[in-house]
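A look at the structure
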Amino acid sequence: MKIAVLVSGGGTNLQITNTTLELVVSNKPGAYALERAAKNGIPSECVIPKDYSTREEYGEAMISLLEKLQQFLADISLAINKKLFPLGAMAIALMALPTTVDVCGGLIGHPLASAQELVEFFQVLTVYGCLGYVQCQERHIYVEMFFEKFSLATRHMLRFSLNGVVAIVFCIMSYRLLILSISKFNSNELSLLLSIPVFIFCVFAAFGAFTTLLALLSTSLNGLLELLKLKNRGHAVLGFIILIALASLPVWAGAYPWAMHKTLLGALGMAVLMLLLL
């Protein structure tokens with residue numbers, strides 16, 4: 001995984017395993033983290049407020065830096081998701097095959113017993129293989145008649161805040177799916193009918209959720225950049241408030257008695273997620 005890191009001191013957050021550090025950014029020229037980056041051949045940049053005569057110049061420098069980060073996220077997420085998309089598209093085509101065989105076989109008294117299991121596996125490949133690429137292209141369905149009624153600044157604000165919230169959801173999803181993958185691998189769990197290792201599909205789902213996360217972060221950051229270019233701080237601040245409020249929704253929602261009903265809570269969570277995606 002390739003990432004960029006923001007530092008201001010020793011740079012203990014540079015000690016990240018299973019990652020490739022592409023850029024280190026600091027607001028302090030004497031930060032030891034810059035020295036550590038140089039020793040390891042990692043590109044670094046230092047943006048210091050005092051180096052700029054006005055706040056506007058400093059703001060423009062920060063916008064330029066954010067643009068580089070956004071473009072980096074967009075490039076890497078598109079590169080990965082373009083390779084996953086054909087697999088997801090192929091799974092869509094193959095999904096109908098076991099169902100067709102099962103129905104036709106049922107007419108002569110020999111249904112395909114593993115049809116449902118095959119369909120479920122193809123569904124995993126379809127969803128997590130295609131979702132990231134669709135997000136990169138921003139070709140998913142959204143309520144255009146409703147969305148287009150807002151001003152340009154409001155649209156950018158919603159793009160920033162709502163995609164940011166969904167990014168947090170996918171961050172949690174990818175982490176939990178990774179933990180599930182490890183659990184399934186350690187238990188050597190096999191599918192009921194075909195005896196296929198379940199962890200394979202859990203790993204694919206975790207990776208697909210992570211690549212979708214990258215695309216969502218890129219989209220969210222792009223919305224914030226557009227607000228900064230418009231010099232609309234009010235909408236930017238409101239976007240942060242909406243993002244924080246929605247991200248904390250599960251915390252205060254869990255205090256209500258109905259939250260103990262996991263099915264209802266899960267259904268509500270999915271409804272909110274679908275609304276945010278739209």
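Owing to the predicted nature of the structure, the values given are computational and were not obtained by experimental measurement.

**Examining the overall build of the chain**
The number of helices and strands found in the chain is nine helices and three strands. The N-to-C order of helical and strand elements in the chain reads β-β-α-β-α-α-α-α-α-α-α-α. Taking all 278 residues of the chain together, 35% fall into the buried category. Nonlocal contacts in the chain, meaning residues at least 24 apart in sequence, comprise 58% of its contacts between residues at least 6 apart. Within the structure as shown, the chain displays about 16,700 Å² of accessible surface, and the carbon and sulfur contribution to it stands at 67%.

**Some points on the nonpolar core**
In terms of nonpolar packing, the biggest core is built from 33 residues, with Y128, F170 and L177 touching the most fellow members. Among the secondary structure elements, those contributing two or more residues to this core are α2 (55–107), α3 (115–137), α5 (152–187), α6 (199–229) and α7 (233–247). Excluding residues within four positions of it along the chain, L177 makes contact with Y128, C202, A205, A206 and A209. Membership of the second largest hydrophobic core comes to five residues, among which are V24, A31, L34 and I42.

**Digging into α3**
Its 23 residues give α3 an end-to-end C-alpha distance of 32 Å, which sits within 8% of 33 Å, the value for a rise of 1.5 Å per residue. The largest bend in α3 amounts to roughly 30° and is located at L131.

**Quick notes on the packing of aromatic side chains**
Any pair of aromatic rings gets described here by the distance separating the centres and the angle formed by the planes. Under the criterion given, the structure shown has four aromatic pairs. Measuring from ring centre to ring centre gives 4.9 Å for F160 and F240, while their planes differ by 75°; the resulting arrangement is edge-to-face. Linking F160 in helix α5 with F240 in helix α7, this pair joins segments that are 80 residues apart in sequence. Overall, the relative accessible area of 4% leaves F160 in the buried class. Under the relative-accessibility criterion, F240 is labelled partly exposed at 41%. Taken together, a centroid distance of 5.0 Å and an interplanar angle of 75° make the contact between F185 and F199 edge-to-face.

**Quick notes on the confidence of the model for the chain**
Here the chain averages 80 in pLDDT, and 75% of its residues register 70 or above. No element of the chain has a lower mean pLDDT than helix α4 (residues 144–147), which averages 60, and none a higher one than α6, which averages 91.

**Things to note about the packing of α2 against α3**
Between α2 and α3, the shortest axis-to-axis distance is 6 Å and the interhelical angle comes to 150°. With respect to each other, α2 and α3 are oriented roughly antiparallel. Of the two elements, α2 crosses α3, and the hand of that crossing is left-handed. For the contact of α2 with α3, the residue count by class is 19 nonpolar, nine polar and two charged.

**With respect to the pattern of salt bridges**
Taken as a whole and judged by the stated rule, the model has two salt bridges. For E189, the salt bridge identified is with K184, shortest N-O distance 2.7 Å. The partly exposed category is assigned to E189, whose relative accessible area is 33%. The exposure class of K184 is buried, given its relative accessible area of 18%.

**Points about the side chain of S77**
Locating S77 in the fold gives a position in helix α2. In terms of polar contacts, S77 uses its side chain to reach the backbone carbonyl oxygen of L73, at 2.8 Å. Apart from residues lying up to four places away in sequence, S77 is in contact with C136, T211, L214 and A215.

**Details of unusual backbone geometry**
One non-glycine residue, N188, adopts positive backbone phi at about 55°. Under the relative-accessibility criterion, N188 is labelled exposed at 57%. Unusually for a residue other than glycine, K231 sits at a positive phi of about 55°. Among the structural elements, K231 can be located in the loop between α6 and α7. On the basis of relative accessible area, K231 is assigned to the exposed category, the value being 65%.

**Looking at a nonpolar patch on the surface**
Residues L87, M90, L94, L97 and V101 make up a contiguous nonpolar surface patch of about 400 Å² in total accessible area. Classification of L87 by relative accessible area gives partly exposed; the value is 32%.

**As for the packing of α2 against α6**
Two numbers describe how α2 lies on α6: the axes approach to 8 Å, and their chain directions differ by 145°. As α2 runs across α6, the sense of the crossing is left-handed. A class-by-class count of the residues in the contact of α2 with α6 yields 17 nonpolar, seven polar and two charged.

What counts, and where the lines are drawn
Residues numbered from 1 in each chain as written. Predicted model: local features only at pLDDT ≥ 70, side-chain atom pairs only at ≥ 80, totals over all residues. Heavy atoms only, no water. Helix = DSSP H or I, 4+ residues; strand = E, 2+ residues; numbered from the N terminus. Buried < 20%, exposed > 50% of the residue type's maximum accessible area, 1.4 Å probe, protein only. Contact = heavy atoms within 4.5 Å. Areas by Shrake-Rupley, 256 points an atom, 1.4 Å probe, with all protein chains shown as cover. Core = buried A, V, L, I, M, F, W, Y, C linked by side-chain atoms within 4.5 Å. Expected span 1.5 Å × (residues − 1). Bend = angle between axes of the 7 residues up to and from the residue. Phe/Tyr/Trp six-rings, centres within 6.5 Å; stacked < 30°, edge-to-face > 60°. pLDDT = per-residue confidence, 0-100. Axes fitted to C-alpha atoms, helices over the stretch in contact; angles between N-to-C directions. Parallel < 35°, antiparallel > 145°, perpendicular 65-115°, else oblique. Left-handed = near helix turned anticlockwise from the far one by under 90°. Nonpolar A, V, L, I, M, F, W, Y, C, P; charged D, E, K, R; others polar. Salt bridge = Lys/Arg side-chain N within 4 Å of Asp/Glu carboxyl O. Polar contact = N/O pair within 3.5 Å; in protein donor to acceptor, adjacent residues only side chain to side chain. Patch = residues over 30% accessible without salt bridge, like charges linked within 9 Å, V, L, I, M, F, W, Y side chains within 5 Å.

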